[in-house]
Amino acid sequence: MHDSTRCVHRPEVSLEGFDSLSVPTYRASTIVYPNTESFSRRKERGADGYAYGLYGTPTTRTLEAQITALHHGVRTHLVPSGLAAVTMPMIALLGPGDEVMIPDTVYGPVRAFCADFLAQRGIHHRVYDPLIGGRIGDLIKGNTRLVWVESPGSGSMEVQDLPAIAREAKARGALVGCDNTWASPLLCKPLDLGADIVAEALTKYVGGHSDLLLGSITVRDMELRTRIRDVLRLLGIGVSPDEAALALRGIETMSVRLRHIGGVAERLAHRLREHPAAMKVLHPALPECPGHEHWVRDFQGASGVFSVALKPEALERLDDALGQLSIFAIGASWGGTRSLIAPLSLGSERSITSASTLAGPVVRISVGVEDEEDIQNDLQVFFDSLLHDPASRGPLVIRC
Ligand SMILES: *Cc1c(COP(=O)(O)O)cnc(C)c1O
């Protein structure tokens, strides 16, 4: 054998006795077959077998199996982002003439996807009040194929009555999908509450370190799995084993991170309620949070993201107050180790006036794993400076 060949055809080493605790990162486009017979029959390996790197590697399958188990589902498919975890089931399950219903508080880009992508393909969408609960039955029409739920709602934190919505949707032949990113499977299991599909941005708490983008779609039955998987296949959607390996590492510490983050966030929410710059603290654990009773019933706790609606006069000081923060960084996305804050302009994104409609400025807070006292002191400086009177420029607004 010449050296150039030897460079490519490396010697095999034994794996015997090598029992590592980590999941190997299997990178592959090609998968080789022992003979032509098995190559020509590769399709028979089925959706759970290995045929080509795009359709899964032991690394991605391990993460999928772990999320499936946490959600009490039957299968999970990884997709390249949380947004794709929401849009892919819609693309797979809806056809021309069909309708999807989305809550007014849906993750912003999903609304744009419905208006700018689905609509052009003859797929309708209708926005509903996230607090509608079982009354959604009156709105579901013959062509409503999917009712989308996101709980708590992006930015304004309304907790939806998923069991009631699922019951009404099911009675009328519509499927229910739920974006469970805020809770993660540790704090809520939508499939147990009646949903057919759970979408999550693993980018957030599973990844946990602000360094990866990944989404998951978990389903409750094999028929749905096949319908979604076939479309992912046709579109060529797969994920990198490197992303999956980072998520496999992140998920190991998710429960301890969430315990710290959730506890700190809940205590902060209670304290900030008393601050004169805060008009309303929107945290599901507070009784005044719309849908609080559903959170008590359906969730095992709270994660670290909540919002504070500020008094209208705070708007002109917001930019300068944000400049005072030293522990918190200003940025979109959340769920990492660093505490983040983002000013939101929710009013412009909403189309339904409900009990929870907020007119003034809102800041979204995502608690990180820093020390509680440091986080608290930093926020204290921020809220206090909303009350002072420095020369101000226009506020900075970031989309969620
Ligand atoms: C962040 C987020 C997404 C999108 O996740 P990406 O991985 O950033 O695409 C979807 N839904 C919710 C509720 C989110 O917070």
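Predicted, not measured: the structure shown is a model, and the values here were computed from it. (Residues numbered from 1 in each chain as written. Predicted model: local features only at pLDDT ≥ 70, side-chain atom pairs only at ≥ 80, totals over all residues. Heavy atoms only, no water.)

A. Examining the overall build of the protein chain more closely. Broken down by element type, the protein chain carries 13 helices and 12 strands. In terms of its C-alpha atoms, the protein chain occupies a principal-axis envelope of roughly 80 × 55 × 35 Å. Counting every position in the protein chain, which comprises 400 residues, the buried fraction comes to 52%. For the protein chain, contacts bridging at least 24 residues in sequence account for 74% of all contacts bridging at least 6. Carbon and sulfur atoms make up 53% of the accessible area of the protein chain, which amounts to about 18,100 Å² in all. For the protein chain, the separation between the mean place of its 40 positive charges and that of its 47 negative charges on side chains is 6 Å. (Helix = DSSP H or I, 4+ residues; strand = E, 2+ residues; numbered from the N terminus. Buried < 20%, exposed > 50% of the residue type's maximum accessible area, 1.4 Å probe, protein only. Contact = heavy atoms within 4.5 Å. Areas by Shrake-Rupley, 256 points an atom, 1.4 Å probe, with all protein chains shown as cover. Lys, Arg positive; Asp, Glu negative; His and termini not counted. Charge placed at Lys NZ, Arg CZ, Asp CG, Glu CD.)

B. Here's a closer look at the site of the ligand. Contacts to the ligand come from Ser81, Gly82, Leu83, Tyr107, Glu150, Asp179, Thr181, Ala201, Thr203, Lys204, Leu213 and Trp334. A distance of 2.7 Å separates an oxygen atom of the ligand from a polar atom in the backbone of Gly82. At 2.6 Å from an oxygen atom of the ligand is found a side-chain nitrogen or oxygen belonging to Lys204. For the ligand, the accessible surface in isolation is 380 Å², of which the surrounding protein chains cover 90%. Residues belonging to the shell around the ligand are distributed by class as follows: five nonpolar, four polar and three charged. (Near = heavy atom within 4 Å. Polar contact = N/O pair within 3.5 Å; in protein donor to acceptor, adjacent residues only side chain to side chain. Nonpolar A, V, L, I, M, F, W, Y, C, P; charged D, E, K, R; others polar.)

C. Structural context of the domain arrangement of the protein chain. Here the protein chain is partitioned into domain 1 (36-251) and domain 2 (254-392). Between domain 1 and domain 2, the C-alpha centre-to-centre distance is 27 Å. On the domain 2 side, the residues contacting the 36 residues of domain 1 number 39 residues. For domain 1, the biggest contributors to the area lost against domain 2 are Trp182, Leu187 and Tyr205; these three give 24% of the whole. In this structure, the connection of domain 1 to domain 2 is made through one salt bridge. A salt bridge links Asp161 to Arg297; its shortest N-O distance comes to 2.7 Å. Viewed at the interface, domain 2 and domain 1 are joined by 18 residue pairs in polar contact (both at pLDDT 80 or more). (Domains from an automatic or database assignment. Buried area = accessible area lost by both parts, 1.4 Å probe. Salt bridge = Lys/Arg side-chain N within 4 Å of Asp/Glu carboxyl O.)

D. Summary view of helix 8 (residues 222-235). Across its 14 residues, helix 8 extends 20 Å between first and last C-alpha, which sits within 8% of the 20 Å expected from 1.5 Å per residue. Within helix 8 the residues assigned to the buried category are Leu224, Arg225, Ile228, Arg229, Val231 and Leu232. Axial view of helix 8: buried residues confined to an arc of 160 degrees, hence all on one face. Exposed side of helix 8, more than 90 degrees from the buried face: Glu223 and Leu234 are the residues found there. Contact partners of the buried residues in helix 8: strand 1 (75-79), helix 4 (82-93), strand 5 (175-179), strand 6 (197-201) and strand 7 (215-219). Of the residues flanking the end of helix 8, it is Gly236, one or two places downstream, whose phi is positive at about 75 degrees. (Expected span 1.5 Å × (residues − 1). Arc of directions from axis to C-beta.)

E. Quick look at the environment of Arg172. Its location among the elements puts Arg172 in the loop between helix 6 (162-171) and strand 5. Separated by 35 residues in the primary sequence, Arg172 and Gly137 place their C-alpha atoms 7.8 Å from one another. In contact with Arg172, other than residues within four places in its own chain, are Gly137 and Ile140.

F. Structural view of the confidence of the model for the protein chain. Confidence along the protein chain averages 94 in pLDDT terms, with 96% of residues attaining 70 or more. pLDDT under 50 marks residues 390-396. Its contacts with residues more than four places away, or in other chains, come to 15 contacts. (pLDDT = per-residue confidence, 0-100.)

G. Expanded view of the nonpolar core. Core analysis: the biggest nonpolar cluster contains 63 residues, and Leu63, Phe306, Val308, Ile365, Phe382 and Phe383 have the highest contact counts within it. The element best represented in this core is helix 10 (residues 254-272), accounting for eight residues. Inspection of this core shows a minimum of three residues originating in each of domain 1 (36-251) and domain 2 (254-392). When near neighbours in sequence (up to four residues on either side) are disregarded, Ile365 contacts Leu272, Gly304, Val305, Phe306, Val308, Phe328, Leu340, Ile341, Leu379 and Phe383. By size, the runner-up hydrophobic cluster in this structure holds 27 residues, among which are Val79, Phe113, Trp148 and Val231. (Core = buried A, V, L, I, M, F, W, Y, C linked by side-chain atoms within 4.5 Å.)

H. Representation of the pattern of salt bridges in the model. In this structure the tally under the stated criterion is 20 salt bridges. One salt bridge connects Arg41 with Glu37, and the closest N-O pair in it is separated by 3.0 Å. Take Glu37: its relative accessible area is 45%, and that puts it in the partly exposed class. Ionic pairing is found between Arg111 and Asp104, a salt bridge with its closest N-O pair at 2.5 Å. The class for Arg111 is buried, based on a relative accessible area of 18%. For Asp104, a relative accessible area of 3% corresponds to the buried category. Salt bridges sharing partners connect three or more residues here, namely Glu37, Arg41 and Glu44.

I. Geometry of the UniProt feature "modified residue: N6-(pyridoxal phosphate)lysine" (unreviewed entry) in the protein chain. In this numbering, the UniProt entry assigns the feature "modified residue: N6-(pyridoxal phosphate)lysine" (unreviewed entry) to Lys204. If you trace the backbone, Lys204 turns up in the loop between strand 6 and strand 7. Lys204 sits in the buried class, given a relative accessible area of 10%. If we skip the residues at most four places from it in the chain, Lys204 touches Thr181, Ser333, Trp334 and Gly335. (UniProt positions renumbered as here; feature names shortened; annotations may be inferred.)

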